[in-house]
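# Tertiary structure, described
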Amino acid sequence: MVLNYIWLGFFFVAFIVAVIETVTGGNLSIWSDIMNSSFASAKTAFEISLGLTGVLSLWLGLMKIGERGGVISIFARLTSPFFSRLFPDIPKNSPVFGSIFMNFSANMLGLDNAATPLGLKAMREMQEINTDKETASNPMIMFLVLNTTGLTLVPISVMVYRAQMGAANPSDIFLPILIATYVSTLVGLIITCIKQRINLFDRVIISVLVAMTAIIGGILYFFSGLPQEKISLYSTVTANSLLFCIIIGFLVAGVRSRINVYDAFIDGAKEGFKTAVTIIPYLVAMLVAIAVFRASGAMDFLISGISRIVEACGADTDFVGALPTALMKPLSGSGARGMMVDAMATYGPDSFVARVASTIQGATDTTLYIIAVYFGSVGIKKTRYAAGYGLLADLAGIIAAIFVAYIFFK
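Read on for an overview of the structure. These numbers come from a predicted model, not from an experiment.

Now for the layout of surface pockets. There is about 800 Å³ of room inside the second largest pocket. Every residue lining the second largest pocket is counted, 32 residues in all, and those nearest its centre are F104, S105, M108, L151 and M212. Counting only elements with at least two residues in the lining of the second largest pocket, the list comes to α3 (71-86), α4 (96-108), α6 (138-148), α8 (174-195), α9 (203-224) and α10 (228-256). The biggest single contributor to the lining of the second largest pocket is α9, with seven residues. For the lining of the second largest pocket, a count of residues per class yields 24 nonpolar, eight polar and no charged.

Structure representation (structure tokens):
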């Protein structure tokens, strides 16, 4: 229901703003801009789905090898003590825990291309045990909220963009992003646990959270002592080498289990193609609504309003130039990247605004895109409170990103 109101809101607000622009400003071209953007976004949605086909086929094929080779069941058993408490409606030692673990791992390594198909597989497995096939279950919502928080230990893509834009130290946002994304994840986890009445003070949950905090602290300590150029190098090499080791591990497990590895891969790849086709309508619906909202000038009105509120409160407004990235991030990943690059081009890659925008870009994930793709892939129509809680976690990550940027760069 929340997603329905958000989707309708994009169109209605865009229409009202366009009418105001036409009546008060005489801007007649705005209607052409809106319609052109809607057509272009519909095309983009299809191209995204088409682009996902190959990636989905690759990773779901590898996951099928992991399933038949017993790797996923091993991951499921190892993570079951924690995940069975976080997802109490999923049977203990269920294979879905292995898929959830693989998805979270890929996200933490900043490997979006691998994380998405793994996440879609986890959603499909959760849908199999979902009693109401059109309504999101509690485990699905918990999984989605944690995905929208985008916990990333290695923000490779943001560092690459900064390097391409000529930043003196492309990896100087590594530690701020790590802190901001962890705050976002903690907030998302806590509010969803409270909503689902999951005991946050359970010994296993507390132990894992303490361990994760210690790991984050250790990474902060390690990288804070490295030269800037080493941070980018170590991050990239670590993420990609670990990922390839996982692939080799799956293949070795398949050979040891004496399965036909090639046939297993093909069976999984076929599932990837079907999933890519399924999500097209959901992507079209969401991306067109967002494009219309932007083309109408509603986004500019929103940013201007926030800027005036900040000024009226007497607060520092140096971060306001990064607000387009912040407001676009929950809506569109490519849009947020465009806003981040624009901030670097406008203010300079080493400016405070550019660094805030980069930190925000790495702090959270694209909530509405994830909802459209993940729920759309399994035919969920009633998303319940998933969108609201995902956006709350996004807000926490954005606020943390701005706050941390002031600590590191001001």
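The discussion continues.
For the pair helix α2 (residues 30-69) and helix α12 (residues 280-295), the least separation of the axes is 8 Å and the interaxial angle reads 150 degrees. The angle between α2 and α12 falls in the class roughly antiparallel. In this structure, the crossing between α2 and α12 has a hand that is right-handed. Across from I30, D33, I34, S37, S38, S41, A42, A45, F46, I48 and S49 in α2, the residues of α12 making contact are I280, L283, V284, L287, V288, A291, V292 and A295.

Applying the stated criterion across every chain, the model contains eight salt bridges. The shortest N-O distance in the salt bridge between R355 and D172 comes to 2.9 Å. You can see R355 sitting in helix α16 (residues 352-363) and its partner D172 sitting in the loop between α7 (156-164) and α8, a full 183 residues away along the chain. Here the two residues R355 and D172 agree in accessibility, since each one is buried. Salt bridges linked by common partners bring R162, D172, D350 and R355 together as one network.

About the thresholds
Residues numbered from 1 in each chain as written. Predicted model: local features only at pLDDT ≥ 70, side-chain atom pairs only at ≥ 80, totals over all residues. Heavy atoms only, no water. 1 Å grid on protein atoms, 1.4 Å probe; cavity = no way out; pocket = protein on both sides within 12 Å on 5 of 7 lines; lining within 4 Å. Points joined across faces, edges and corners; volume = space filled by probe spheres on them. Helix = DSSP H or I, 4+ residues; strand = E, 2+ residues; numbered from the N terminus. Nonpolar A, V, L, I, M, F, W, Y, C, P; charged D, E, K, R; others polar. Axes fitted to C-alpha atoms, helices over the stretch in contact; angles between N-to-C directions. Parallel < 35°, antiparallel > 145°, perpendicular 65-115°, else oblique. Left-handed = near helix turned anticlockwise from the far one by under 90°. Contact = heavy atoms within 4.5 Å. Salt bridge = Lys/Arg side-chain N within 4 Å of Asp/Glu carboxyl O. Buried < 20%, exposed > 50% of the residue type's maximum accessible area, 1.4 Å probe, protein only.

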